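# What the coordinates show
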Amino acid sequence: LVHFLDKEMWDVLAKFGDSIDIYVWVHGSEIQPWHRREFNYKTTEDRERAIKSSEKREEFWKGLLWDQPRNLHLIFVSRYFSEEVMEDYGVSLRHDGYSIIHNPIDTDRFIFKEREEEDRFKILSIRTFASEKYANDISANTILELSRRKCFEKMEFTIIGDGVLFDEITEPLEQFDNVTLHRGFLTNEEYENIFEEFGIFLTPTRWDSHGVGRDEAMSCGLVPATNRISAIPEFVNRGCSILAEPEDHIGLANGIEE
């Protein structure tokens, strides 16, 4: 059972020939061509490095996918992602060569609690600030947009996370008394319990193969506010979420206000 397969790992596994069955979970960063994460590249140098790294990665995966061994079975967490990979590599995987298995949500840990009316004013965001993919800047712009509206004075926001982009993204939010910035990460117990205090989970994205944190929040009874992009519509719709278009912080603000 393999995660984040690369050439070096396959060089070892291939020596076993057909003697073992190999199941590979495909996540994203280890297989995607550079252009799928173009939002991460700020400079020409960043882009050129990404292209060079991507060329080696694509060469490995193309060889593997175009001549998929019988004992190799790929697992994707969403149908969208499986189709994206097949499109990128110009291949149609054989029917018995892959499965769609969504990430499980542990409903014994993330327990549903009926929300109170006042919970709708309490908005939570838990994200890493490691890259642009996690779209924390869209969260910040959503809060800034709401700050221009009358409803803002009733709202409370809690932003939790860490990463190289934390200071830059959260600096404009420091002016607000109703925005709590928590730089750092939560223990498992803290993470399980924190959803009890909120009604809306602000979790925009620029790409996701699934979105586990969003679904854990939903399991607890929160309404997610996110973007209609990549695999997101496979898991949420307007009946259970605030679903804005890609990059649309105004749409998120409108949904939260509504």
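Everything below is about the structure shown above.
First, a word on scope: everything that follows refers to the structure included in this document.

Thresholds, definitions, all that
Residues numbered from 1 in each chain as written. Predicted model: local features only at pLDDT ≥ 70, side-chain atom pairs only at ≥ 80, totals over all residues. Heavy atoms only, no water. Pairing = 2+ DSSP bridges. Helix = DSSP H or I, 4+ residues; strand = E, 2+ residues; numbered from the N terminus. Axes fitted to C-alpha atoms, helices over the stretch in contact; angles between N-to-C directions. Contact = heavy atoms within 4.5 Å. Phe/Tyr/Trp six-rings, centres within 6.5 Å; stacked < 30°, edge-to-face > 60°.

## Some thoughts on the sheet that holds strand S8 (residues 200-202)
- The six strands lie next to each other as S7-S6-S5-S8-S9-S10, forming an open sheet whose pairing is parallel. Sheet topology places strand S7 (179-183) and strand S10 (242-244) at the edges, where each strand pairs with a single neighbour. Shown here is a sheet whose adjacent strand axes are inclined to one another by a mean of 20 degrees, direction ignored.
- With five bridges joining them, strand S6 (residues 156-161) and S7 adopt parallel strand pairing. Across the sheet, Thr158 pairs through a bridge with Thr180, a residue of S7.
- Against the sheet, helix H4 (residues 136-146) engages strand S5 (122-126), S6, S7 and S8, with an angle of about 165 degrees to S6.

## Observations concerning the packing of aromatic side chains
- Tallying each qualifying case throughout the model produces eleven aromatic pairs.
- Judged by centre distance (5.3 Å) and plane angle (65 degrees), the ring pair of Phe60 and Trp61 falls under edge-to-face.
- Through a chain of ring-to-ring contacts, the aromatic side chains of Phe76, Phe81, Tyr98 and Trp207 assemble into a single cluster.

So yeah, pure geometry; function would need other evidence.
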